[in-house]
Amino acid sequence: MLEVVELKVRVHCKACEKAVRKALCRIKGTHKCQIKQLLSRPLHSQLHPNLNVLPATANTFSLPSLIKAAQSHHSGVQLHCLALKSGSSNDAVVSNSLISMYAKYSLPQPARHVFDTMSHKDTVSWNSIINCYIQNGHPAKALQILRQMYLSGFVLKPELIACIISVCARGQQLRLGREIHALVVTDERIQESVFLSTALLDFYFRCRRSVMALHVFNRMPVKNEVSWTSMISGCAANLNYDMAMDCLRAMQLGWIKHGKEIHGYAVRHGFHSDPNCSAALIHMYCKCEEASPAAKLIFERSTVKDVVLWSSIIGSYARHGHEAKAIKLFNQMQEKGIEPNSVTLLAVISACTSLSSLDLASEVHGYALKPGFTEIFIGNALINMYAKSGCVEAARQFFKEMPIKDSISWSTLIESYGLHGFGEQALQLFHEMQQAGVEADQVTFLSILSACNHSGLVEEGQKIFHHLMEARNKIPLTVEHYACYVDLLGRSGKLEDACEVVRAMHMEASPRIWTSLISCCKLHGRLEVAEVLARQLVKSEPENAANYTLLSMVYAETGNWLGVEEMRRAMQVKGLKKSQGFSQIRLENGTF
């Protein structure tokens, strides 16, 4: 029998004993009796109070597993000493294990020492030391090692390049990232993968190079859900909202194309009549607004309509702006004797919120009081529904009655107070939330800033924003936070302060911020500034009709009627029309 483990071990700590046993069990040829014998042998010299190791004829088979099982860097150092004494440190597998061990315990210097003293370095060695530097916050050293690895003739793995690209993205090192991208394209030995392409996609978006990101995306032979999501979120972050919507539609249509193929297969083989299959098809078609008629047709032809089918079709109508139809279907569902579930109720609450109907809100609330609807997301949706229906007191009362509240519950009520001009109450609730030990998130701070803005609480809003700035490492600031704060300062007449905030922003100002500044300048008589900003806004977004309307209003304030006529002609030439507002009234018979 091969004797693989030749170590005299004595363990005083149960955790270390368990780790050692587990490591020894992974070594081929070691039986339980051998492990017991090894653990019971006497110790000749004490190296550490928890794990003591003395070599008999230590070999390269046992050490890597023991090093991996080390419960602390002290134990790892002892095993490193053992490797040096026995000569096993010359083995690449043992050295690689030591590098990974030091990296795990945030000790890059010993890891580098092991790497430098290796007589033979393989791909694992280079990858281990590069990952060690990345994990411990030394990106420059990781890039230096990467260059050395490539010049030494090693082929870079896609996963390793993706990690380096992510480092470049975080530091916005555009030149270096493009060099690595060029290397990927020119070196045929490097295999491209979805993971690597997605990392490049994120890199270019972070560096504000949307065109290059789109080029990378179009060249991807395979696109998964992560790739599409990265593309859509990147476009939105770079304010390319039209491109983001185009990508979203393309992704949905891609799903619909494959879904239709599956639908055809189901029809040919008679599966489409199965309720579960029908529910899955309806759910798939409901994801895309253009395909919702197909979902309606499947629903109408289904002989067995259970709560899943009803919930799917009601949710589809509610999401795509057909709230009245969703309510009508909900009534039909009850007439058929089908009991709604939480998914159904959430869809109906969403429809009632969009309709701002207090009567419907009360009816839905009645269903929510029935046993079985105790989910916290239902309660949060009801708070929002009452607030949007204009009944803040009902929202407050329901909030009080909720047995469990999360940050969304608090944020929703704070937002509802701010929406209706109750800034003081919103601030009081915000302080109660902090006293209750509930951690505020990005949404909470946006809600309280919006409440201060609507109520003109400038000093309070400034304090909250400064607190948010101090905690930005924990709660990252978004462009919406800046937009709300700039509007708060501008409306109060602090135009210089508002402009200073925009200049100090660590991200590109959104059109909403510029629109807010223009409106504030117009409000306080700074028409010359408003005109300059409005012209720039029209140039940056030539397809947005609202920008032309805003500049036209500035021209009208200054008496520049030729400018007003010029804006009207420009809109006619481009075929732009200003969106019209509308009101909705519910009649006594329940129609809208």
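Residues numbered from 1 in each chain as written. Predicted model: local features only at pLDDT ≥ 70, side-chain atom pairs only at ≥ 80, totals over all residues. Heavy atoms only, no water.

(A) View of the packing of helix 27 (residues 479–491) against helix 28 (residues 495–504). Look at helix 27 against helix 28: their axes get within 7 Å of each other, and the N-to-C directions meet at 160°. Taken as axis vectors, helix 27 and helix 28 run roughly antiparallel relative to one another. When the axes of helix 27 and helix 28 are compared, the crossing they make is left-handed. Contacts between helix 27 and helix 28 involve Tyr482, Tyr485, Val486, Leu489 and Gly490 on the former and, on the latter, Leu495, Asp497, Ala498, Val501 and Val502. Classifying every residue of the contact of helix 27 with helix 28 gives eight nonpolar, one polar and one charged. (Axes fitted to C-alpha atoms, helices over the stretch in contact; angles between N-to-C directions. Helix = DSSP H or I, 4+ residues; strand = E, 2+ residues; numbered from the N terminus. Parallel < 35°, antiparallel > 145°, perpendicular 65-115°, else oblique. Left-handed = near helix turned anticlockwise from the far one by under 90°. Contact = heavy atoms within 4.5 Å. Nonpolar A, V, L, I, M, F, W, Y, C, P; charged D, E, K, R; others polar.)

(B) Examining the side chain of His181 more closely. As for its position among the elements, His181 is in helix 10 (residues 174–186). Those residues in contact with His181 that lie beyond four places of it in its chain are Leu200, Tyr204, Met212 and Val216.

(C) Main features of the packing of helix 22 (residues 392–401) against helix 23 (residues 407–419). Remark: helix 22 packs on helix 23, axes separated minimally by 10 Å, with the N-to-C direction vectors making an angle of 160°. In terms of orientation, helix 22 and helix 23 fall into the roughly antiparallel class. Relative to helix 23, helix 22 is oriented so that their crossing is left-handed. Contacts between helix 22 and helix 23 pair Val392, Ala395, Arg396 and Phe399 from the former with Ser409, Trp410, Leu413, Ser416 and Tyr417 from the latter. Broken down by class, the residue content of the contact of helix 22 with helix 23 amounts to six nonpolar, two polar and one charged.

(D) Inspection of the pattern of salt bridges at higher detail. By the definition in use, this model includes nine salt bridges. Put simply, Arg491 and Asp487 hold a salt bridge, and the shortest N to O gap is 2.8 Å. Taken together, the residues Arg491 and Asp487, both in helix 27 and four residues apart, mark about one turn of the helix. The salt bridge partner of Glu531 is Arg535, with a shortest N-O separation of 2.5 Å. Residue Glu531 and its partner Arg535 are both found in helix 30 (residues 527–540); the two are separated by four residues, about one turn of the helix. With a relative accessible area of 40%, Arg535 lands in the partly exposed category. Here the salt bridges do not stand alone but share partners, grouping Glu496, Arg526 and Glu528 into one network. (Salt bridge = Lys/Arg side-chain N within 4 Å of Asp/Glu carboxyl O. Buried < 20%, exposed > 50% of the residue type's maximum accessible area, 1.4 Å probe, protein only.)

(E) Seen up close, the environment of Val226. Summarising the element assignment, Val226 is placed in helix 13 (residues 225–237). Each C-alpha atom of the pair Val226 and Val194 lies 9.0 Å from the other, and the pair is 32 residues apart in sequence.

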